[in-house]
Amino acid sequence: MNVEREKRAVAEAAAEYLVDGMTVGLGTGSTVAYLLPALARRRLAIRCVASSPRTEHAARELGLSVEPFGTVSQLDVTIDGADQIAPDGWLIKGGGAAHTREKIVAAAGQFVVIADSTKPVGALRPPIPLELLAFGLSATLCRLHPVALRDVPRSPDGGVIAGYQGAVGDPARLAARLSATPGLVDHGLFPPELVAIVLIGHDDEVERRVLRSAAR
Ligand code: 5RP
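The rules we used
- The residue numbering used here restarts from 1 in each chain and proceeds along that chain's sequence as written.
- It should be noted that, the model being predicted, local features are given only for residues of pLDDT at least 70 and side-chain atom pairs only at 80 or more, the latter also being counted only at that level, while totals for whole chains, interfaces and linings use all residues.
- Where side-chain values are given, they derive from all heavy atoms of the structure, hydrogens and water being excluded.
- A pair of aromatic rings is counted whenever rings of Phe, Tyr or Trp (Trp by its six-membered ring) have centres within 6.5 Å, and the orientation is called stacked for planes under 30 degrees apart, edge-to-face for over 60 and tilted otherwise.
- Where helices and strands are cited, they refer to DSSP runs of H or I of at least four residues and of E of at least two residues respectively, numbered from the N terminus.
- Each residue's exposure class comes from its accessible area (1.4 Å probe, protein chains only) as a fraction of the maximum for that residue type: buried when under 20%, exposed when over 50%, partly exposed otherwise.
- Working definition: residue near molecule or strand if any one of its non-hydrogen atoms lies within 4 Å of it.
- Any pair of N or O atoms that falls within 3.5 Å is considered a polar contact. Within protein, one atom must be able to donate a hydrogen and the other to accept it, and sequence-neighbouring residues count only if both atoms are side-chain atoms.
- Accessible surface is estimated by sampling points in the Shrake-Rupley manner with a 1.4 Å probe; for residues, cover comes only from the protein chains shown.
- Under this grouping Gly is polar, as are all residues other than the nonpolar Ala, Val, Leu, Ile, Met, Phe, Trp, Tyr, Cys and Pro and the charged Asp, Glu, Lys and Arg.
- We call two strands paired when DSSP finds no fewer than two bridges between them.
- Axis lines are fitted through C-alpha atoms, for helices just across the contact stretch, and the angle between N-to-C directions can take any value from 0 to 180 degrees.
- An automatic or database domain assignment provides the domain bounds reported here.
- It only takes one pair of heavy atoms within 4.5 Å for two residues to be counted as in contact.
- By convention, the term buried area covers the 1.4 Å-probe accessible surface removed from two parts as they join, with the contributions of both added.
- The term salt bridge refers to a pairing of a side-chain nitrogen on Lys or Arg with a carboxyl oxygen on Asp or Glu at a separation within 4 Å.
- For this analysis, a nonpolar core means a set of buried residues of the types Ala, Val, Leu, Ile, Met, Phe, Trp, Tyr and Cys, connected via side-chain atoms within 4.5 Å.

Peer 1: Can you help me understand the packing of aromatic side chains in this one?
Peer 2: Overall, the coordinates contain one aromatic pair when judged by the stated rule. Here the aromatic rings of F111 and F190 are separated by 6.3 Å at their centres, their planes lie at 45°, and the arrangement is tilted. Of this pair, F111 sits in strand β6 (residues 110–115) while F190 is found in strand β11 (residues 189–190), placing the two residues 79 residues apart along the sequence. F111 gets classed as buried once you look at its relative accessible area, which sits at 0%.

Written out as structure tokens, the structure is:
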């Protein structure tokens, strides 16, 4: 297994979904890093929004048109990586601490997940990335126990980054519990309803899992 080759293969396959005139959400991470040059090479007339300053900068350097995500209300397609992919389509994202913006961008378009063969798992396992408000942080951490702060910079929106360390069990139940916790900005559990297509690299092959094909 050559993970870098798999990342490149799924990124290039995802780039082929795009056509002129589309609005495109760009995720964050090392797999997306292969997507950006693949997109730039296609020289499409597309408008992009980025889920992180890192992606925004890299995309602009390659000549892609990146707009602030404030005026664009809907995207055609969003392409992003994942940390874990469960058999039922639940994802864990946020290894790059960008999950809050990534979820907003994913929800705004047909979400295409690109992943190497290490990402599918039998069952999701902790930690679950969390973004927390700095206000009342100690109280929020107590409510979320067991949780550990991550030694990474705050999010671009000022959020503190942590990881939920408890067992995942039923992801829907845990997602509801996390979302209901005051002080939590967002968590890295992404439900299958958010996902349209998952592309998984297996050496030179790309497996395509369609979860939701119709446009919303
Ligand atoms: C960043 C993310 C990434 O998509 C996820 O961590 C996968 O990253 P990589 O493509 O580097 O394996 O959620 O917040």
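Peer 1: Where do I start with the site of the ligand in this structure?
Peer 2: Close to the ligand lie 16 residues, the nearest being S30, T31, D83, G94 and K119. The backbone of G81 places a nitrogen or oxygen atom 3.4 Å from an oxygen atom of the ligand. In the complex, the protein chains occlude 91% of the 380 Å² of accessible area that the ligand would expose alone. Class assignment of the residues belonging to the shell around the ligand gives a composition of three nonpolar, eight polar and five charged.

Peer 1: Even after reading the chapter, I still don't get the sheet that holds strand β2 (residues 47–50), so can you show me in this structure?
Peer 2: The strands making up a sheet associate through backbone hydrogen bonding, with each pair oriented either parallel or antiparallel. The strand order across the open sheet formed by six strands is β2-β1-β3-β6-β12-β13, and the pairing between neighbours is mixed. Lying at the two open borders of the sheet, with one neighbouring strand each, are β2 and β13 (205–210). Here the strands of the sheet are splayed against their neighbours by 20° on average, with no regard to which way each runs. As paired strands, β6 and strand β12 (residues 197–202) are joined by four bridges and run parallel to one another. Of the residues in β12, the one forming a bridge with I114 is L199.

Peer 1: Looking at this model, I keep getting lost on the domain arrangement of the protein. Mind explaining?
Peer 2: Interface size is commonly expressed as the accessible area that is lost once the parts come together. According to the domain assignment, the protein contains domain 1 (3–121 + 190–215) and domain 2 (128–187). With centres defined by C-alpha atoms, the gap from domain 1 to domain 2 works out at 24 Å. At the junction of the two partners, domain 1 supplies twelve residues and domain 2 supplies 15 residues. In this assembly, domain 1 packs against domain 2 so that about 1,100 Å² is buried in total across both faces, 61% of it on carbon and sulfur atoms. The largest contributions to the domain 1 side of the interface with domain 2 come from W90, H99 and T100, which together make up 41% of the buried area. Between domain 1 and domain 2 we count two salt bridges in total. Of the charged contacts, one joins R101 and D157 as a salt bridge, the two residues approaching to 2.9 Å between their closest N and O atoms. Our count for the contact surface shared by domain 1 and domain 2 stands at eight residue pairs in polar contact (both at pLDDT 80 or more).

Peer 1: Explain the nonpolar core to me, please; I cannot follow it from the model alone.
Peer 2: Side chains of nonpolar character tend, in soluble globular proteins, to be buried together. Core analysis: the largest hydrophobic core is formed by 29 residues, its most contacted members being L18, L26, L35, L39, I46, I79 and I114. Of all the secondary structure elements, the ones that give two or more residues to this core are α1 (3–15), β1 (23–26), α2 (32–42), β2, β3 (77–80), β6 and β12. In this view, L35 contacts A11, A14, A15, L26, I79 and I114; residues no more than four positions away in its chain are not counted. Core analysis: the second largest hydrophobic core is formed by 20 residues, W90, L137, Y164 and L189 among them.

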